[in-house]
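This is what each chain is made of:
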Amino acid sequence: MKAKLPNVKYIEWRSPEELHEASLNWVSELKFIKDEQHFLDELIENYSLQLISEKTFEKSKKLVNELSQKRKDIDPLLKKIINHLNELTLLVDGIDEPKKEKQYKEDHRLLLVEVSKYLDHYKQMKRKVFELIKNIMKQSKQKRLLN
């Protein structure tokens, strides 16, 4: 599945309040994902024996590495967004600085693309983890029924 890039042409006409709200939503989503990653870690830990079996080892190794990479990527992305939020004063300080304001909106557009890609990739990875764990759970349930 290919990550779908958002339509970013409208950013130039958005108000500072709308840009602020979008940035706050990104922060909220990414903080939720950080919590969710702890849940996924525990889930993987609970099924670690099954994940290292011959059948699923390569797939699970790849997913665990992806999850680890997403965990490393989230803090720098959150920092970028928070710094971006702090720079919002450029748009609301009443001083007319067209170049800086244009650059802020361009930075917002780039952040929008980066956050969208991160969220898309994270959701794909999460689906794969859930699918793998679901299959492991089905197999273990079938084994219990046979015994």
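**Student:** How do you make sense of the pattern of salt bridges when you look at a structure like this?
**Tutor:** A full pass over the atoms with the stated rule returns six salt bridges. As a salt-bridge pair, Lys34 and Asp75 come within 2.7 Å of each other at their nearest N and O atoms. In this pair, Lys34 is assigned in helix H1 (residues 16-46) and Asp75 in helix H3 (residues 57-86), connecting sequence segments 41 residues apart. The partly exposed category is assigned to Lys34, whose relative accessible area is 29%. In this structure, the salt-bridge partner of Arg109 is Glu106, at a minimum N-O distance of 2.7 Å. Note that Arg109 and Glu106 are positioned in helix H5 (residues 98-146) at a spacing of three residues, about one turn of the helix.

**Student:** It is not clear to me how H3 should be interpreted in this structure. Could you clarify?
**Tutor:** Residues lying three or four places apart along an α-helix face the same way, a consequence of the helix completing one turn every 3.6 residues. Under the 1.5 Å per step criterion, the end-to-end length of H3 is 44 Å for 30 residues, consistent within 8% with the ideal 44 Å. All buried positions along H3 are accounted for by Ser60, Leu63, Leu67, Lys70, Ile74, Leu77, Leu78, Ile81, His84 and Leu85.

**Student:** Please explain the nonpolar core as it appears in this structure.
**Tutor:** Note on soluble globular proteins: their nonpolar side chains tend to be buried together. Core analysis: the biggest nonpolar cluster contains 27 residues, and Leu30, Ile33, Leu51, Leu77, Ile81, Tyr118 and Val129 have the highest contact counts within it. Contributing elements (two or more residues each) for this core: H1, H3 and H5. Here this core gets 11 residues from one element, more than from any other, and that element is H5. Those residues in contact with Val129, other than ones at most four positions away along the chain, are Leu40, Ile44 and Leu63.

Reading the values: rules and limits
- Residues numbered from 1 in each chain as written.
- Predicted model: local features only at pLDDT ≥ 70, side-chain atom pairs only at ≥ 80, totals over all residues.
- Heavy atoms only, no water.
- Salt bridge = Lys/Arg side-chain N within 4 Å of Asp/Glu carboxyl O.
- Helix = DSSP H or I, 4+ residues; strand = E, 2+ residues; numbered from the N terminus.
- Buried < 20%, exposed > 50% of the residue type's maximum accessible area, 1.4 Å probe, protein only.
- Expected span 1.5 Å × (residues − 1).
- Core = buried A, V, L, I, M, F, W, Y, C linked by side-chain atoms within 4.5 Å.
- Contact = heavy atoms within 4.5 Å.

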